[in-house]
Amino acid sequence: MEQQFILRVNEESKEILQTNTKNIELEVIGEDTVILRHNSIEYTGYISKLPCIIESHKTMDNQQFYKISDISHIVVIGNKIKGEHGITPPMYNAKHRFRKRVVKTQMVEEIENRVKELLERDKNCVGVELIFGEGEQKEESEDVSSLAAELEYNLIASEKNIVTEESDEIKQKKELLKELEEKIKTKEELLNTASNIILKKRFQESIFALKEEYNKVIGKIKELENNEKD
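Residues numbered from 1 in each chain as written. Predicted model: local features only at pLDDT ≥ 70, side-chain atom pairs only at ≥ 80, totals over all residues. Heavy atoms only, no water.

To keep things clear, this is the line we draw: UniProt positions are given in the numbering used here, feature names are shortened, and annotations may be inferred rather than shown by experiment.
As named in an unreviewed UniProt entry, the chain is TAFII55 protein conserved region domain-containing protein, taken from Hamiltosporidium tvaerminnensis. Comment text from UniProt for the chain, heading Sequence similarities (unreviewed entry), reads "Belongs to the TAF7 family." The Subcellular location (unreviewed entry) field of the UniProt record for the chain holds the comment "Nucleus".

The structure is reproduced here in structure tokens:
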């Protein structure tokens, strides 16, 4: 990993540094002060910590990029700035917008002590008793009454829905009976007109199977009707 920083210069020294970057020296003086020397001319600068780390990447073919450094400081030549903003517009005032919330230690300790006290008192209790005032008892009784009424209403509604579903099922069974009657009638007509013994036997077997299914459907309809009456 390389060690990098961002150098920001003022308008006065910008043109000079752009034309000739060979004779440049940077000397750190103190914790946050630097001296930039260029052709025996000194420029005062300041080190400022960025509100967030910036990753630096390198590429050889403009397709694959490799991380080479984490940049956390910026050197500003000229006026001293505070590290409240990042170097891009979305990071404006980032230090205040994304700062960590500081919880007061004293407040946390008071809450913890209070919780411990309540737990200790709870261990020593013999029993639990709920005492309601007159207003609370009245509200509770009203809630119970409304809940009972709601349950009764839902029960009646569900029973009605069940009856409706069973009626629909009976209706479907009756439609099936009509279809079976038509099939039996068609098979009987074919049986009467058939002269081949093998065909007659097949028609008789089909009619027998259809009549069995017909009787089962009738039995199911009677069963459903009895359930509705109950």
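**A few points about the overall build of the chain**
Here is the rule: Here a helix means four or more residues in a row that DSSP labels H or I, a strand means two or more in a row labelled E, and each is numbered from the N terminus. Per-residue accessibility, obtained with a 1.4 Å probe over protein chains only, is compared with the maximum for each type, and a residue is labelled buried under 20%, exposed over 50%, and partly exposed between these values. Throughout, a residue-residue contact means that at least one pair of heavy atoms, one from each residue, lies within 4.5 Å.
Of the regular secondary structure elements, the chain holds five helices and five strands. Along the chain, helices and strands appear, N-terminal first, in the series β-α-β-β-β-β-α-α-α-α. Every one of the 230 residues in the chain was classed for burial, and the buried ones make up 15%. A fraction of 51% describes how many contacts in the chain between residues 6 or more apart in sequence connect residues 24 or more apart.

**What to know about the nonpolar core**
This is how it is decided: In this description, a nonpolar core means a group of buried Ala, Val, Leu, Ile, Met, Phe, Trp, Tyr and Cys residues linked to one another through side-chain atoms lying within 4.5 Å.
Leu177, Leu180, Ile184, Tyr214, Val217 and Ile221 are the most contacted members of the largest nonpolar core, which has 13 residues in total. Every element with two or more residues in this core is listed here: helix 4 (134–193) and helix 5 (197–229). Among residues more than four places away in sequence, those in contact with Ile221 are Ile170, Lys173, Lys174 and Leu177. Counting residues in each nonpolar core, the second largest holds six residues, with Leu17, Val34, Leu36 and Ile77 among its members.

**Details of the sheet that holds strand 1 (residues 6–8)**
Filter applied, for reference: For two strands to count as paired, DSSP must find a minimum of two bridges between them. Comment: axis = line fitted to C-alpha atoms, over the contacting stretch for helices; angle = value between 0 and 180 degrees taken between N-to-C directions.
Taken in spatial order, the five strands line up as 1-5-4-3-2 in an open sheet, and their pairing is mixed. Two strands lie at the open edges of the sheet, namely strand 1 and strand 2 (24–29), each paired on one side alone. In this sheet, neighbouring strand axes are inclined to one another by 40 degrees on average, regardless of whether the strands run parallel or antiparallel. In terms of strand pairing, strand 3 (residues 33–38) meets strand 4 (residues 41–59) through six bridges, oriented antiparallel. Its bridge partner lying in strand 4, Leu36 is registered against Tyr43.

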